[in-house]
Amino acid sequence: MKAEHRLIVVSNRLPITAVETTPQFQPSSGGLISALVPLRDDSWACWVGSAGAPYEPKLAELLDEWSSTQPCSFAPVFLTAAERASFYLGFSNGVIWPLFHGLPSRCQFETTYWEGYCNANKKFADAVEQVCRPDDFIWVHDYHLMMVAQGLRSRGLSNPIAYFQHIPFPSPDIFETLPWRNEVLRALLCFNLVGFQTVRDRCNFVACLRRCLSQVRVRPMGETLLVRAGEHCAHTGAYPIGVDYEEFARDAAGPTISSGSRAIQNQFPDTQIVLGIDRLDYTKGIPERLIAFEKLLIARPELRGRVNMVQIVVPSREEIPEYNQLRLRIETLISKINGQYSKPGWVPIHYFYRAISRNELIAFYRAAHVALVTPLKDGMNLVAKEFCASRIDNRGVLVLSEFAGAAEELRCGALLVNPHDTETVARVVDLALSMDESEECTRMKSMRSQIRAHDVFHWYRSFRAATEESVLTMEETPIRSLPSPVPGVSHVRLRRAFAGFQFPAPGPGVEGR
Ligand code: GDG
């Protein structure tokens, strides 16, 4: 591997976040961080992201110190409170998050949010420009940062820049409600590669290009599509994210988790556990799931005292009022159900509103009879995959929303449900609780082999290979048939920049898995 061929990772959050009001850090939470952390290898030169707090000299110093002990350096982006309000809370989580999850009625299309988003994306691009060398590969993550490649191209950077979107991409009827739809699409086409979780998302992206932009041409190129719209051009493909299967399986087999899982089962003697684990979010379908569980208790009263639901909710985006309202709704539903059906020695729903340790999480995965993963819409959903990876006993049933990206891969063994149809969810949970052992094993084995073969390292390798391919293809395509992907940057210049570009092979920690 040549030293100059390095990887710059860019995400909204660094893997650690400042604890408010104190100069301290804690690990960041969420699926994106869970997925990226195990991938760090020798080629990772720098991780650019927000530190989760405005600039403060003590914080910057602490972060610097901490960064020097890590395998790759960290370039913090410090956002002011006003920038955070418009970029993060306003546009990213008040517009793009609901819109891309198919909920346009929740969007607040404020021009000031859009302006804040564009300005913050410029700030991220500034930070990348400062750490970036001419032939570094830049890998941008998720919907907060869709304008970063455009910012870098306008500064004249011609590095390969790839984008992976962890959340869904909506259909044209939904996407076109965005007042800045064309700006967003054109900015996405400044990346060399635009990657999605599922084929459905990629199809939606192409359909949105066709609907909103003129002169759109699409050409299949191996595993990807080459899409062009006027002066803009990029590759696009589907790369379903995975989990570190071997690590989950190894940890699940260890003595700490085995005894932790037994301890949980002992606390629920003679009852089956139905498990839900989610970040607090309206896309995760938590109230609908609780209603389905109540319908199960109504339809099958003999299950009362014989089944427990354990719902773990990890606090998230607490400064957004809607999230607090959601928490209130969940807690009201739980107390109503518990108030109605509890009897001495048995409470139907056990509820945790906090993050638990990774060991406890895996112990719960192992102790559960049924994992109830029912988002209304989800890019992938790692909980579904982690549950299966942890089931070294090949037991446990996964009830999975057909609207989670994971459904595309796990239909081989999961019981798929429409999370809005709470009566059917209740019936399917009932089926799951009474499934015979051999069917349970066959289904779980089949999901585990899929998850093992398509783990997070497979995802990483495929995505990097596709970026390399997209750069090479661009070199081979005759200039006349391929308009410059970047206004103001000639093909000659791009070709010169990519000439002889070789992507570093994944480090030993990756290859070995
Ligand atoms: C986004 C997309 C996509 C949860 N509770 C605890 C805990 N977790 C971990 C899980 C899992 C992660 O958080 C949640 O990941 P998800 O995939 O379910 O959801 P998002 O955060 O919404 O992630 C999603 C993902 O990005 C990756 O591309 O799958 O669709 O929305 O890893 O294990 N971890 C610990 N304690 C908890 O209490 N330690």
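Just so you know, these numbers come straight off a predicted model, no measurement behind them.

Here we take up the overall build of the protein. The secondary structure content of the protein amounts to 20 helices and 17 strands. Against the 2.2 N^0.38 benchmark of 24 Å for 513 residues, the protein shows a C-alpha radius of gyration of 23 Å, consistent with a compact globule. Dimensions along the principal axes, computed over C-alpha positions, put the protein at roughly 75 × 50 × 45 Å. Sequence separation of at least 24 residues holds for 77% of the intrachain contacts in the protein that already meet a minimum separation of 6.

Attention now goes to the state of the cysteines. In the structure shown here, the tally under the stated rule is zero disulfides. Of all cysteine sulfurs, the one in Cys-46 lies closest to Cys-72, which takes part in no disulfide; the gap is 6.6 Å. Cys-233 takes part in no disulfide bond, and the closest cysteine sulfur to it belongs to Cys-190, at a distance of 10 Å.

A separate point is the site of the ligand. Around the ligand, the surrounding shell holds 25 residues, and the nearest of these are His-166, Ile-356, Asp-378, Leu-382 and Glu-386. Between the ligand and the protein, one listed contact pairs an oxygen atom with a side-chain N or O atom of His-166 at 2.7 Å. At a separation of 2.9 Å, an oxygen atom of the ligand approaches a polar backbone atom of Asn-381. Taking 740 Å² as the accessible area of the ligand by itself, protein coverage stands at 89%. Elements with a contribution of two residues or more to the shell around the ligand: helix 1 (31–36), strand 12 (272–279), helix 13 (358–367) and helix 14 (382–390). Across the shell around the ligand, the residue classes break down as 12 nonpolar, eight polar and five charged. In terms of domain composition, the shell around the ligand takes at least three residues from each of domain 1 (7–241 + 458–497) and domain 2 (245–454).

Burial within strand 11 (residues 232–238) is extensive, with six of its seven residues counted as buried. Relative to strand 11, strand 8 (residues 193–196) is paired through four bridges, and the arrangement is parallel. Note on strand 11: the bridge partner recorded for Phe-196 is Ala-238. Taken together, strand 10 (residues 224–229) and the strand that follows it, strand 11, pair antiparallel across an intervening segment of two residues, in which Gly-230 is found at a positive phi of about 55°.

Strands sit in the order 14-13-12-15-16-17 across an open sheet of six strands; the sheet is parallel. On the outer flanks of this sheet lie strand 14 (349–353) and strand 17 (415–417), each paired with one strand and no other. When strand polarity is set aside, the average angle formed by the axes of neighbouring strands in this sheet is 20°. Sheet topology note: the strand 12/strand 15 (residues 370–373) ladder contains two bridges and is parallel. Paired with Val-274 across the bridge in strand 15 is Val-370.

Glancing now at the pairing of strand 13 (residues 307–314). Judged by how many residues are buried, strand 13 sits mostly within the fold: eight of eight residues are covered. Residues Val-307, Met-309, Gln-311 and Val-313 of strand 13 are buried on one face, and the alternating residues Asn-308, Val-310, Ile-312 and Val-314, pointing to the opposite face, are buried as well. Handedness of the crossover is the feature at issue here: the chain leaves strand 12, passes through helix 11 (residues 286–299), returns alongside strand 13, and the resulting connection is right-handed. Since strand 13 and strand 14 lie parallel, the crossover through helix 12 (residues 321–341) that links them has a hand, and here it is right-handed.

Attention shifts here to unusual backbone geometry. In this structure, Asp-270 takes a positive phi of about 60° despite not being glycine. By secondary structure assignment, the location of Asp-270 is in the loop between helix 10 (255–267) and strand 12. With relative accessibility at 75%, the residue Asp-270 sits in the exposed group. Look at Asn-394: it is not a glycine, yet its phi comes out positive at around 55°. Mapped onto the secondary structure, Asn-394 falls in the loop between helix 14 and strand 16 (397–401).

With 14 residues, helix 11 should cover 20 Å at 1.5 Å per step; its first-to-last C-alpha distance of 20 Å lies within 8% of that length. All buried positions along helix 11 are accounted for by Ile-286, Pro-287, Arg-289, Leu-290, Ala-292, Phe-293, Glu-294, Leu-296 and Leu-297.

The next subject is the pattern of salt bridges. The final tally for this structure, using the stated rule, is 26 salt bridges. Residue Arg-317 is joined to Asp-281 by a salt bridge in which the shortest nitrogen-to-oxygen separation is 3.4 Å. Linking Arg-317 in the loop between strand 13 and helix 12 with Asp-281 in the loop between strand 12 and helix 11, this pair joins segments that are 36 residues apart in sequence. Across the pair, Asp-281 and Arg-317 agree in class, each one buried. Among the ionic pairs, Glu-437 bridges to Arg-395, the shortest N-O distance being 3.8 Å. Of this pair, Glu-437 sits in helix 17 (residues 437–453) while Arg-395 sits in the loop between helix 14 and strand 16, and the two are 42 residues apart along the sequence. Ionic contacts of the salt-bridge type, sharing partners, join the residues Asp-126, Glu-129 and Arg-155 into one network.

Per the domain assignment, the segments of the protein are domain 1 (7–241 + 458–497) and domain 2 (245–454). Spacing between the C-alpha centres of domain 1 and domain 2 amounts to 32 Å. Taken residue by residue, the interface counts 24 residues in domain 1 and 21 residues in domain 2. When the two sides are added together, the surface that domain 1 and domain 2 hide from each other amounts to roughly 1900 Å², 57% of it contributed by carbon and sulfur.

Time to look at the packing of helix 11 against helix 12. Across the interface, helix 11 lies against helix 12 with an axial gap of 9 Å and an inter-helix angle of 10°. As summarised for this structure, helix 11 and helix 12 are arranged roughly parallel, according to the angle between their axes. Every residue of helix 12 that contacts helix 11 at Ile-286, Pro-287, Leu-290, Ile-291, Glu-294, Leu-297 and Ile-298 is listed here: Leu-326, Arg-329, Ile-330, Leu-333, Ile-334, Lys-336, Ile-337 and Tyr-341. Looking at side-chain class alone, the contact of helix 11 with helix 12 contains 12 nonpolar, no polar and three charged residues.

Take the sheet that holds strand 5 (residues 73–77) next. An order of 5-4-1-6-7-8-11-10-9 is seen for the nine strands of this open sheet, with the pairing classed as mixed. Since the sheet does not close on itself, it has two edges, and those belong to strand 5 and strand 9 (216–221), each with one partner. With strand direction ignored, the average angle separating the axes of adjacent strands in the sheet is 20°.

Conventions used here
Residues numbered from 1 in each chain as written. Predicted model: local features only at pLDDT ≥ 70, side-chain atom pairs only at ≥ 80, totals over all residues. Heavy atoms only, no water. Helix = DSSP H or I, 4+ residues; strand = E, 2+ residues; numbered from the N terminus. Rg over C-alpha atoms; globule rule 2.2 N^0.38 Å. Contact = heavy atoms within 4.5 Å. Disulfide = S-S within 2.5 Å. Near = heavy atom within 4 Å. Polar contact = N/O pair within 3.5 Å; in protein donor to acceptor, adjacent residues only side chain to side chain. Areas by Shrake-Rupley, 256 points an atom, 1.4 Å probe, with all protein chains shown as cover. Nonpolar A, V, L, I, M, F, W, Y, C, P; charged D, E, K, R; others polar. Domains from an automatic or database assignment. Buried < 20%, exposed > 50% of the residue type's maximum accessible area, 1.4 Å probe, protein only. Pairing = 2+ DSSP bridges. Axes fitted to C-alpha atoms, helices over the stretch in contact; angles between N-to-C directions. Right-handed = clockwise from strand over helix to strand, strands pointing away. Expected span 1.5 Å × (residues − 1). Salt bridge = Lys/Arg side-chain N within 4 Å of Asp/Glu carboxyl O. Buried area = accessible area lost by both parts, 1.4 Å probe. Parallel < 35°, antiparallel > 145°, perpendicular 65-115°, else oblique.

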